[in-house]
Amino acid sequence: MKITDINSKFSKSKYIDQQFAEIENYCKEIHIPIIDRDAADLLKLQLKLKKPHKILEIGTAHGFSTLLLAKYTPEMSEITAVEFDPDRAQQAKKNFLKFNYQEKIDLKVGDAFDVLLYLKKDYDFIFLDAAKGQYFYLFEYLMELLVPGGLLISDNVLYKAKVLAEGETKHKIRTMVTNLKKYLKLIMNHPELDSTIVTAGDGMAISRRKDINE
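Just so it is clear, the model here is predicted, and its values are computed rather than measured.

A tally of regular secondary structure across the chain gives eight helices and seven strands. By the compact-globule yardstick of 17 Å for 214 residues, the chain fits well, its C-alpha radius of gyration being 17 Å. Principal-axis analysis of the C-alpha atoms places the extent of the chain at approximately 45 × 40 × 35 Å. Looking at the chain as a whole, 52% of its 214 residues are labelled buried. Nonlocal contacts in the chain, meaning residues at least 24 apart in sequence, comprise 71% of its contacts between residues at least 6 apart.

The bulk of non-glycine residues show a negative phi, and the bulk of peptide bonds are trans. Positive phi outside glycine occurs at A61, with the angle close to 55 degrees. Here A61 shows up in the loop between β1 (54–58) and α4 (64–71). Its relative accessible area of 10% is what places A61 among the buried residues. Positive phi is not limited to glycine here, since N156 has a value of about 60 degrees. N156 gets classed as buried once you look at its relative accessible area, which sits at 13%.

This part takes up the pattern of salt bridges. One pass over the full model with this rule turns up twelve salt bridges. The salt bridge partner of E22 is K98, with a shortest N-O separation of 2.8 Å. Here E22, found in helix α2 (residues 21–29), pairs with K98, found in helix α5 (residues 86–98); they are 76 residues apart in sequence, far enough to count as distant. For D41, the salt bridge goes to R37, with nearest N and O atoms at 3.1 Å. In this pair, D41 and R37 both sit in helix α3 (residues 37–50), four residues apart, roughly one turn of the helix.

The next point concerns the side chain of D124. Structurally, the position occupied by D124 is in strand β4 (residues 123–128). The side chain of D124 is buried and forms no salt bridge, while K50, the nearest opposite charge, is found at 5.3 Å. A polar side-chain atom of D124 sits 2.9 Å from the main-chain amide nitrogen of K54. With near-sequence residues (within four places) excluded, D124 lies in contact with K50, P52, H53, K54, L146, V147, G150 and L151.

Turning to its location among the elements, L128 is positioned in strand β4. In sequence terms L128 and L56 are 72 residues apart; their C-alpha atoms lie 8.2 Å from each other. Beyond its immediate stretch of four places on either side in the chain, L128 contacts I58, Y135, L138, L142, L152, I153, S154, D155 and Y183.

With 36 residues, the main nonpolar core has I35, F64, L68, L69, F125, F127 and M204 as its most contacted residues. Ignoring sequence-local partners within four residues, the contact set of F64 consists of I16, F20, I23, E24, I34 and I35. Core analysis: the next-biggest nonpolar cluster, separate from the first, contains 32 residues, V115, I126, V157 and L193 among them.

Right, let's get into the packing of aromatic side chains. Enumeration over the complete set of coordinates arrives at five aromatic pairs. Seen in terms of ring centroids, F20 and F99 are 4.9 Å apart; in terms of plane orientation they differ by 90 degrees. Their pairing is edge-to-face. You can see F20 sitting in the loop between α1 (7–10) and α2 and its partner F99 sitting in the loop between α5 and β3 (105–109), a full 79 residues away along the chain. Judged by its relative accessible area of 17%, F99 is buried. Plain terms: the ring middles of F139 and Y183 are 6.3 Å apart, the flat faces sit at 75 degrees to each other, and that makes the pair edge-to-face. Placement of F139 in helix α7 (residues 135–145) and of Y183 in helix α8 (residues 171–189) is noted, with a sequence separation of 44 residues between them. The rings of Y135, F139 and Y183 are connected pair by pair, giving a single aromatic cluster. Sitting over the ring of F20, K71 keeps its end group 5.6 Å from the ring centre. The ring centre of F136 lies 4.5 Å from the NZ or CZ of K182, which sits over that ring.

Reading the values: the criteria
- Residues numbered from 1 in each chain as written.
- Predicted model: local features only at pLDDT ≥ 70, side-chain atom pairs only at ≥ 80, totals over all residues.
- Heavy atoms only, no water.
- Helix = DSSP H or I, 4+ residues; strand = E, 2+ residues; numbered from the N terminus.
- Rg over C-alpha atoms; globule rule 2.2 N^0.38 Å.
- Buried < 20%, exposed > 50% of the residue type's maximum accessible area, 1.4 Å probe, protein only.
- Contact = heavy atoms within 4.5 Å.
- Salt bridge = Lys/Arg side-chain N within 4 Å of Asp/Glu carboxyl O.
- Lys, Arg positive; Asp, Glu negative; His and termini not counted.
- Polar contact = N/O pair within 3.5 Å; in protein donor to acceptor, adjacent residues only side chain to side chain.
- Core = buried A, V, L, I, M, F, W, Y, C linked by side-chain atoms within 4.5 Å.
- Phe/Tyr/Trp six-rings, centres within 6.5 Å; stacked < 30°, edge-to-face > 60°.
- Lys NZ or Arg CZ within 6 Å of the ring centre and 35° of its normal.

This is how it looks when you write it as structure tokens:
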């Protein structure tokens, strides 16, 4: 199984979002990772359906996905974005300013484990796109912040299909793949979550925290 690229074969649009085409092209040119087309379209659809008011993103890079979160949520929604790399964060800030989303997006620069400790908001939508080997360890922090009925969207969970591959994994990525498998088993069997894994892009997991009375 390869990374899916289905939507672009049928859509008339060349870009994930025409408004942000310049950023998409630039990130691809300098090899800054951005969300895959199929995954991005699924993310936009989830945002339109959920209409979240408090959004948390872990792993911002140049802010491409963050701009999608800002564009496809209600005007009064609040977004907290977390990026570890100061240089990438600086470019993200410029992109937010360029599209006039600087008031809607609160960008935190630092290690996600440190930042999440002092966040106080109750989030109804969390987009996880950080270091894949850390998803399993970030989970308990995120559950402290996700409200009942809230969505947790985890990107790149199949990592180039390595998570599904049979046989021995290369040493270089073995720990990451093992941790992704542990993460997927965790969310698929967690008593407080309804989850599914889809093959959009490089794999996306969609989890909904059950309401208190469920």
